[in-house]
Amino acid sequence: MPIPLNVIEARRAQRDERGPTAPPTEDIREKVFELEAKGEWIVQRVPEPWVGVTTKYGRIKKIPAEHTWHHKSCGQCGHIPGYSTAIYWLNRALDFDYNDPKDQTSCTAWNYYASATSNVGAQAAVAMRNFGAAYESGYFPTIHCGTSYGHYKEVREELVAHAELRDEVRRICDKLGKPFVMPEEIVHYSEWVYAMRHEFAQRRVLDLSSIDVTVHPACHYHKLVVEDAIYDPDVYGGQRTAVVSAVVTALGANVKDYSTWFDCCGFGFRHILVQRDFTRSFATLRKIEVMREEANPDVVLTHDTGCVTTLDQSQFAARAHDVKVGVPVMSEAQFAALAMGAHPYRVCQLHWHNTEYRPLLEKMGIDWRERWREFEDDLERLRKGDKQFLTWEDADA
Amino acid sequence: MTLQARYADVPVETKQRLFDEVRADIRFKDYLFGCYECGICVAACPSARFYDFSPRKIAQATGREDLGMFYEQLNDDIWNCSQCFSCLRCPRGNNPGGLITIMREVAINNGLTSARQALEGYGRVVYKIMSTGTQVSPDMLQPNAFPDWGPHVAEISENLELWRRALPPETLHTTTTAWYVDDKTLTELYLIWHMTGVLDMIKEVDEGLHMILNDVMEELLEEAGYSTA
Ligand code: SF4
Ligand code: SF4
């Protein structure tokens, strides 16, 4: 059900009146700078040029346009590699300088939330080792995974609140020879996509006006440390995070609402690995089927690793139970890249996805048969040893 | 069987000790502020829909220091949580999911049988993340591991090496890790596991895994001149 217009206007007026000085939570970034002034750590500044975006309570968050250090995601790189590739492709399309590091580890939070075989000190040390590595490179961390992003924000709060934890982790960083650094902002890639959406819209080559999209907001993006997520009075009256939805609108596609938008995807961290009966049931009964019934979308877009995996992979088995499934799933980065003419296989790597996506491509005006033939030629060249790897030049040929 | 009768033979001192460990966690005071019993957390909770599970009861038992209920939850409930943190909608500012994170850590640290059971089949994932620095790898996509994902997993697995070479970013030309992680970085990660006691936690729940991990790590750490003593 659409939100009545007067609610949106009232919210906007309230936001304007209240302004950024009256949010109900403290601004953790002030504390981060206070600790720098006391000599406790270095704060890595957001490099120029940056874009100012609005977070939940009206504060401005700086999103770096370029010179970014890409903190990759386990599940994206491992199982849906077109996700990471599309993020890089978008950076390249804007001619932005970025760093894809080899001295980055996972945040290890997927494992932590799944098995608890870690602790506060270890989790904070892993985060600060990665931040130290980014600082050494001169590039600013941009985090691909929603869980890494949410977890690192929790780690930031814990480090700010507990001197003994800072001491423990500083000792570890000293031992590793890493500087003890907290970034000025903790930035998720989807915030960068949001900040750059008009640039992408200008470069759009496909007409998406007939494409209906449902958006799944990732839990660890907007539920963990809520005040740091992007909200915009123009998107659902500022009542839901604006990332993804605002990108869809900017690209000229249609955001369709559905009632279970707040529900998680069913990933469950341990469930997706060892108890998938729960994951499959939740993903299909509470998300995909509801979307089908209420919005009948052409595609589900989301902005996190686990959500793409869960919502996409869970649909196969549900077909046996006559659940209304069959909606392709991808990240908004892949969708934006497609809209800008990226190759569906060389760049977006849709052959790693499960649910049938070809009708969507057809509706978007993409000749997937021809694109697949091109990709098969690429594979043949790799197979024969004419080339060892597909390159960025090949991807854009 | 009446509520909690299952654990009637567990001494109250044990339950109290475990509860005190939960309460001693530095995050505890930020995760619980009393409870209205409003049930908003339950309405938002995915696990409450499919299991006999309630974040409200977690907040209640912890807040009231109900040792019987706490101990039952520590064994029978906490592994059902999805760790989605939808329960942060709590109007009281509670974080039942966060309390569960702490309870799980205590369950692991104490090697509870229920924790060992919950992690059955999960050891290979712990091995992967702790030894390679990435949680899942392309070569985990095996049809026998994901039969419910359909024939597409077999297709990926058959073409894995070739398809990985068909990825433009050079850090992704890997099959046993999600991306390329250099040895110096891995060594640093191993040192973190050692210095923060995580390896000791693994020992509590899976001695075999602990031995393998120690072997893998020792070599790199020694090569890099780190003493783990
Ligand atoms: S974190 Fe756990 S208790 Fe909280 S809503 Fe999610 S599944 Fe429920
Ligand atoms: S939402 Fe908060 S106050 Fe309400 S029942 Fe849950 S824990 Fe208690």
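Just so it is clear, the structure is predicted and the values come from calculations on it, not from any experiment.

Trainee: Quick rundown of the overall build of chain B? Include the residues and the values.
Mentor: What chain B contains, in helices and strands, is 13 helices and 0 strands. Each helix and strand of chain B, placed in order from N terminus to C terminus, yields the pattern α-α-α-α-α-α-α-α-α-α-α-α-α. Its C-alpha atoms put chain B at 55 × 45 × 35 Å along the principal axes. When burial is assessed residue by residue, chain B has 57% of its 229 residues classed as buried. Here chain B displays about 9500 Å² of accessible surface, and carbon together with sulfur accounts for 49% of that area. On chain B, the mean spot of the 20 positive side-chain charges and the mean spot of the 33 negative ones are 9 Å from each other.

Trainee: Kindly report on the domain arrangement of chain A, identifying the contributing residues and their values.
Mentor: All names here are of chain A. Partitioning chain A into structural domains gives domain 1 (28-189) and domain 2 (204-373). Just the C-alpha atoms count here: the centres of domain 1 and domain 2 sit 25 Å apart. At the junction of the two partners, domain 1 supplies 38 residues and domain 2 supplies 36 residues. Interface area, domain 1 with domain 2, both sides summed: about 3100 Å², of which 66% is carbon and sulfur.

Trainee: Report on the pairing of strand β8 (residues 212-216) of chain A, specifying residues and quantitative values.
Mentor: Residues and elements named next belong to chain A. The buried count for β8 comes to 5 of 5 residues, which makes it a mostly enclosed element. Alternating positions in β8 separate into two faces, Asp 212, Thr 214 and His 216 on one and Val 213 and Val 215 on the other, with burial throughout. As judged from the 2 bridges shared by β8 and strand β9 (residues 254-255), these two strands associate in the parallel manner. Within β9, the residue paired with Val 213 across the bridge is Val 255. With 4 bridges connecting them, β8 and strand β10 (residues 299-302) associate as parallel partners. Note that in β10 the partner of Val 213 across the bridge is Val 299.

Trainee: Any chance you could break down the nonpolar core for me, citing the residues and the numbers?
Mentor: Core analysis: the biggest nonpolar cluster contains 203 residues, and A:Trp41, A:Leu90, A:Phe335, B:Met130 and B:Trp193 have the highest contact counts within it. The dominant element in this core, judged by the number of residues it contributes, is helix α6 (residues 120-137) of chain A, at 8 residues. Leaving out residues up to four positions away in the same chain, B:Met130 has contacts with B:Leu189, B:Tyr190, B:Trp193, B:Val198, B:Leu199, B:Ile202, B:Leu213 and B:Met217.

Trainee: Explain the domain arrangement of chain B to me, using residue names and the numbers behind them.
Mentor: Along its sequence, chain B is carved into domain 1 (12-110) and domain 2 (120-223). The straight-line distance from the C-alpha centre of domain 1 of chain B to that of domain 2 of chain B is 30 Å.

Trainee: Residues and numbers for the site of ligand 1, please.
Mentor: In the vicinity of ligand 1 there are 13 residues, among which B:Cys45, B:Cys81, B:Ser82, B:Cys84 and B:Cys87 approach most closely. For the shell around ligand 1, the residue count by class is 8 nonpolar, 5 polar and no charged.

Trainee: I'd like a description of the environment of B:Val125, backed by residues and values.
Mentor: On the secondary structure map, B:Val125 appears in helix α9 (residues 123-132). In sequence terms B:Val125 and B:Ala61 are 64 residues apart; their C-alpha atoms lie 32 Å from each other. Once you skip the residues sitting within four places of it in the chain, B:Val125 turns out to touch A:Leu273, B:Gln135 and B:Met140.

Trainee: Kindly report on the packing of helix α1 (residues 12-24) of chain B against helix α6 (residues 67-76) of chain B, identifying the contributing residues and their values.
Mentor: Residue and element names in this part refer to chain B. At a closest axis distance of 10 Å, the pairing of α1 and α6 adopts a crossing angle of 75 degrees. As judged from the angle between their axes, α1 and α6 are roughly perpendicular. Touching Val 12, Lys 15, Gln 16, Leu 18, Phe 19 and Val 22 of α1 are Leu 67, Phe 70, Tyr 71 and Leu 74, all from α6. Partitioned by chemical class, the residues of the contact of α1 with α6 number 8 nonpolar, 1 polar and 1 charged.

Trainee: Would you mind going over the site of ligand 2 in detail, with residue names and values included?
Mentor: Residues and elements named next belong to chain B. The immediate surroundings of ligand 2 are formed by 13 residues, with Cys 35, Tyr 36, Cys 38, Cys 41 and Cys 90 found nearest. Contributing elements (two or more residues each) for the shell around ligand 2: α3 (40-44) and α5 (55-64). Here the residues of the shell around ligand 2 sort into 8 nonpolar, 2 polar and 3 charged.

Trainee: Give a detailed account of the pattern of salt bridges, specifying residues and quantitative values.
Mentor: Oppositely charged side chains may form a pair once their charged atoms are brought near each other. Residues and elements named next belong to chain A. Applying the stated rule across the entire model yields 46 salt bridges over all chains. Note that Asp 377 is salt-bridged to Arg 373, the shortest N-O span being 3.0 Å. With a gap of 4 residues between them, Asp 377 and Arg 373 both fall in helix α19 (residues 368-384), about one helical turn apart. Arg 373 sits in the partly exposed class, given a relative accessible area of 40%.

Trainee: Go over the packing of aromatic side chains, please, and point to the residues and values.
Mentor: The geometry of an aromatic ring pair is captured by two quantities: the separation of the ring centres and the angle between the planes. For the coordinates displayed, the defined rule picks out 25 aromatic pairs over all chains. Consider the rings of A:Trp261 and A:Phe262, whose centres lie 5.6 Å apart with planes at 85 degrees: the pair is edge-to-face. Residue A:Phe262 is classed as buried on the basis of its relative accessible area of 13%. In textbook terms, an aromatic cluster arises when at least three aromatic residues are bridged by ring pairs, as seen for A:Trp110, A:Tyr112, A:Tyr113, A:Phe267, A:Phe269 and B:Phe85. Cation over ring: A:Lys153 sits above A:Tyr221, and NZ or CZ is 6.0 Å from the ring centre.

Conventions and cut-offs
Residues numbered from 1 in each chain as written. Chains lettered and ligands numbered in written order. Predicted model: local features only at pLDDT ≥ 70, side-chain atom pairs only at ≥ 80, totals over all residues. Heavy atoms only, no water. Helix = DSSP H or I, 4+ residues; strand = E, 2+ residues; numbered from the N terminus. Buried < 20%, exposed > 50% of the residue type's maximum accessible area, 1.4 Å probe, protein only. Areas by Shrake-Rupley, 256 points an atom, 1.4 Å probe, with all protein chains shown as cover. Lys, Arg positive; Asp, Glu negative; His and termini not counted. Charge placed at Lys NZ, Arg CZ, Asp CG, Glu CD. Domains from an automatic or database assignment. Contact = heavy atoms within 4.5 Å. Buried area = accessible area lost by both parts, 1.4 Å probe. Pairing = 2+ DSSP bridges. Core = buried A, V, L, I, M, F, W, Y, C linked by side-chain atoms within 4.5 Å. Near = heavy atom within 4 Å. Nonpolar A, V, L, I, M, F, W, Y, C, P; charged D, E, K, R; others polar. Axes fitted to C-alpha atoms, helices over the stretch in contact; angles between N-to-C directions. Parallel < 35°, antiparallel > 145°, perpendicular 65-115°, else oblique. Salt bridge = Lys/Arg side-chain N within 4 Å of Asp/Glu carboxyl O. Phe/Tyr/Trp six-rings, centres within 6.5 Å; stacked < 30°, edge-to-face > 60°. Lys NZ or Arg CZ within 6 Å of the ring centre and 35° of its normal.

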